[in-house]
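# Analysis of the macromolecular model
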Amino acid sequence: MELTRKKIAIIGLGPVGQILAVHLKEAGQEVFLCDMDKARMHLIQKDGIELAGAMQKKATFEHLFTSVSDLLLLRPDVIVFSVKAYHLATLIKEMSDFPRQGVLYISAQNGIDTELELAEAFGEANTFRMVVNYAGNHRAPNVIGVSFFNPPNYIASIDDSQQEPARWWADMLTSVRLDTMAVDSFEILRRVWEKTILNSSLSALCGVSQMNMKEVMALPDMVDIIEQVIMESIAVAKAENIHFEVNFIRHCLRYLRKSGSHFPSLAVDLMHKRPTEIDYLNGKFVEYGKKHYLPTPMHLAFTNMVKAITQKSLAIQGAAPARPATREREHFALPAMTNGQDSKYYL
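The model shown is predicted, which means the values in this text are computed figures rather than measured ones.

### A closer look at the packing of aromatic side chains
- Counted by the stated rule, this structure contains seven aromatic pairs.
- Summarising the aromatic geometry, the rings of Tyr134 and Phe149 are spaced 6.2 Å apart at their centres and angled 70 degrees between planes, so their arrangement reads as edge-to-face. Placement of Tyr134 in strand 9 (residues 134–140) and of Phe149 in strand 10 (residues 143–149) is noted, with a sequence separation of 15 residues between them. Side by side, Tyr134 and Phe149 carry an identical accessibility label, which is buried.
- Ring centres 4.3 Å apart and planes at 10 degrees place the aromatic pair Phe244 and Phe248 in the stacked group.
- Looking at Phe244, the relative accessible area reads 17%, which means it is buried.
- Here Phe248 falls in the buried class, since its relative accessible area comes to 1%.
- Here a set of aromatic residues connected by ring pairs shows up, and it is made of Trp193, Phe285 and Tyr288.
- The ring centre of Phe61 lies 5.2 Å from the NZ or CZ of Lys25, which sits over that ring.

Below, the structure written as C-alpha cells:
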C-alpha cells in the first residue's frame, strides 16, 4: 500500500470520530464520514465540524453517508471504527463482502479486545488498534468541546506485520498536532489495558451513583472503592503477563483526581437508559479473571449492576438489549444525545 494521500473512512461520529476527522482533513487526506444519525450528518454537511475548548479547529467534508453499504462503494483504503463496541458485530456483518486485502482496519474504541473482532473478520495482518488519549463532549451534534488531550495517542499493527503503515498513520497525525506514536503489538496491548483500567475504575461507579468524576474523587469512601477495582485489574493483567510500573495505583489515582465535573460515556449511556459498553470494560476483567481462576468481586458487582439497570431500562422501553460478543479475545468522552434515540454509531 503506497502511503500517500488515502481515502479514509470513519464510522461513528461521536467526539472521538469527529476530532479524528478534522485532523485527517487537515493532514490532506480524503475523508469519508459515516453515521446513522441523519440530523447530525445534515449539520455536518451544512456547517462542517467544529472543535472548541482544548482544540480550536474547523473542517468541512464532502463525502457523508448514513449507510455503510453506500460508504463501501467508494472503496476506502482505511476504515476507522469509532463506534460503540457493541455495534461491531452488526457492522462486520454489513461489511462481509468488502475485500480484505489492501485495506487497513483500525479500532479506535473503548475497551479490551475490540481489535480481535476486526481481526477475525478481516485478518490480523490488516488490523490495527489505536489508543486515543483525547476526549470531548457534544456542544451540538457537529460541535465538539474538547476536554483534554494527553499526548501521545498510540497505534500498532496487532501482529507487527504492518509497522510501516502504523508509522505513516502516527507521523501523519503528529504533523497536524494530534501527536501519535507507533508502537509494537505488545506495547499497544499494555496501553489498551492501562486505559481500560482507568475507564473501568470510574465509569460504572459514576453511572450507578449518578455522580460526576470530580464528585466521586472528592469522597474518600469512593476513592477506596476505586482503589480496590484498580487492584483487581492489576492482578488480572499480571495473570495475562501485562505489567505496569511499581507506582501504577498512585499514577491512576493521580490521573483520576484531575478529572473534571463531567461524566464518563458509560455513565451517560446508563443514566439515559441506553446500552453500555460494560462487557468491554469491567466485564472483560471478570472474563479474564475467570480464565485464570482469579476472583474479581468488584468488577463483577459493577458489571452485573450495570447490566441489571440496563435490562430494566430497555424492558420499560420495550427494546431488546444489545448482545455483546463474549468470546475471549479516551477516553472519558460524552456521547451525543439527539432525538432521544437509544443507539447510534458513535463513541
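Let us keep going from here.
### Considerations on the confidence of the model for the protein
- For the protein, mean pLDDT is 90; residues scoring 70 or higher make up 91% of the total.
- Segment residues 322–347 is flagged for pLDDT under 50; beyond a separation of four residues in sequence, or across chains, it makes 119 contacts in the model.

### Observations regarding helix 9 (residues 220–239)
- If you check helix 9, its first and last C-alpha atoms are 29 Å apart, about what 20 residues at 1.5 Å a residue would give, namely 28 Å.
- For helix 9, the complete set of buried residues consists of Met222, Val223, Ile226, Val229, Ile230, Glu232, Ser233, Val236 and Ala237.
- In this fold, the buried residues of helix 9 make contact with helix 7 (185–209), helix 8 (213–217), helix 10 (248–257), helix 12 (282–291) and helix 13 (297–317).
- Following helix 9 by one or two positions, Asn241 has its phi on the positive side, about 65 degrees.

### Re the nonpolar core
- Ranked by internal contacts, the top residues of the largest apolar core, which has 40 residues, are Trp193, Leu202, Val216 and Ile226.
- Listed by contribution, the elements that provide at least two residues to this core are strand 11 (153–157), helix 7, helix 8, helix 9, helix 10, helix 11 (265–271), helix 12 and helix 13.
- Looking at this core, the element that brings in the most residues is helix 7, giving nine residues.
- Apart from residues lying up to four places away in sequence, Trp193 is in contact with Ile112, Val236, Ala237, Glu240, Ile242, Phe244, Phe285 and Tyr288.
- Core analysis: the second largest hydrophobic core is formed by 39 residues, Val16, Ala21, Leu24 and Leu173 among them.

### What to know about a nonpolar patch on the surface
- Taken together, the side chains of Val208, Met305 and Ile309 make up a nonpolar region of the molecular surface, amounting to roughly 190 Å² of accessible area.
- Mapped onto the secondary structure, Met305 falls in helix 13.
- Since its relative accessible area comes to 34%, Met305 is described here as partly exposed.

### Examining the pattern of salt bridges
- This model, assessed by the stated rule, comprises 17 salt bridges.
- Notably, a salt bridge pairs Asp47 with Lys46, separated by 3.4 Å at the nearest N-O pair.
- By relative accessible area, Asp47 is classed as partly exposed at 31%.
- One network of salt bridges, with partners in common, ties together Glu187, Arg190, Arg191 and Glu194.

### What about the sheet that holds strand 9?
- With respect to topology, four strands assemble into an open sheet ordered 4-3-10-9, the strand pairing being mixed. Both edges of this open sheet fall to strand 4 (57–59) and strand 9, since each of them pairs with a single strand only. Looking at each pair of strands side by side, their axes are set apart by 25 degrees on average, direction ignored.
- Against the sheet, helix 1 (residues 15–26) makes contact with strand 3 (49–53), strand 4, strand 9 and strand 10, and its axis sits at roughly 100 degrees relative to strand 9, the strand it touches most.

### Section: the packing of helix 9 against helix 13
- Relative to each other, helix 9 and helix 13 sit at 110 degrees, their axes nearing to 8 Å. The orientation of helix 9 with respect to helix 13, classified from their angle, is roughly perpendicular. Mapping the contact onto sequence places Ile225, Gln228, Val229, Glu232 and Ser233 in helix 9 and Pro297, Met298, His299 and Phe302 in helix 13.
- Here the residues of the contact of helix 9 with helix 13 are counted per class, giving five nonpolar, three polar and one charged.

### So, the environment of Ser209
- One can find Ser209 in helix 7.
- Looking at Ser209, the relative accessible area reads 25%, which means it is partly exposed.
- Expressed as a C-alpha distance, the spacing of Ser209 and Met222, which sit 13 residues apart in the sequence, is 9.9 Å.
- Beyond its immediate stretch of four places on either side in the chain, Ser209 contacts Val216 and Met222.

### Remarks on the pairing of strand 11
- Most of strand 11 sits out of view: five of its five residues are buried.
- Here strand 11 shows two buried faces, one formed by Asn153, Ile155 and Ser157 and the other by Tyr154 and Ala156.
- Across four bridges, strand 8 (residues 127–131) lies against strand 11 in antiparallel orientation. Bridge pairing in strand 11 links Val131 to Tyr154.
- The pairing of strand 11 with strand 12 (residues 180–182) spans three bridges and is parallel. Bridge pairing links Asn153 to Thr180 in strand 12.
- At this point the chain moves from strand 11, through helix 6 (residues 163–174), to the parallel strand 12, and the crossover so formed is right-handed.

Reading the values: rules and limits
- Residues numbered from 1 in each chain as written.
- Predicted model: local features only at pLDDT ≥ 70, side-chain atom pairs only at ≥ 80, totals over all residues.
- Heavy atoms only, no water.
- Phe/Tyr/Trp six-rings, centres within 6.5 Å; stacked < 30°, edge-to-face > 60°.
- Helix = DSSP H or I, 4+ residues; strand = E, 2+ residues; numbered from the N terminus.
- Buried < 20%, exposed > 50% of the residue type's maximum accessible area, 1.4 Å probe, protein only.
- Lys NZ or Arg CZ within 6 Å of the ring centre and 35° of its normal.
- pLDDT = per-residue confidence, 0-100.
- Contact = heavy atoms within 4.5 Å.
- Expected span 1.5 Å × (residues − 1).
- Core = buried A, V, L, I, M, F, W, Y, C linked by side-chain atoms within 4.5 Å.
- Patch = residues over 30% accessible without salt bridge, like charges linked within 9 Å, V, L, I, M, F, W, Y side chains within 5 Å.
- Areas by Shrake-Rupley, 256 points an atom, 1.4 Å probe, with all protein chains shown as cover.
- Salt bridge = Lys/Arg side-chain N within 4 Å of Asp/Glu carboxyl O.
- Pairing = 2+ DSSP bridges.
- Axes fitted to C-alpha atoms, helices over the stretch in contact; angles between N-to-C directions.
- Parallel < 35°, antiparallel > 145°, perpendicular 65-115°, else oblique.
- Nonpolar A, V, L, I, M, F, W, Y, C, P; charged D, E, K, R; others polar.
- Right-handed = clockwise from strand over helix to strand, strands pointing away.

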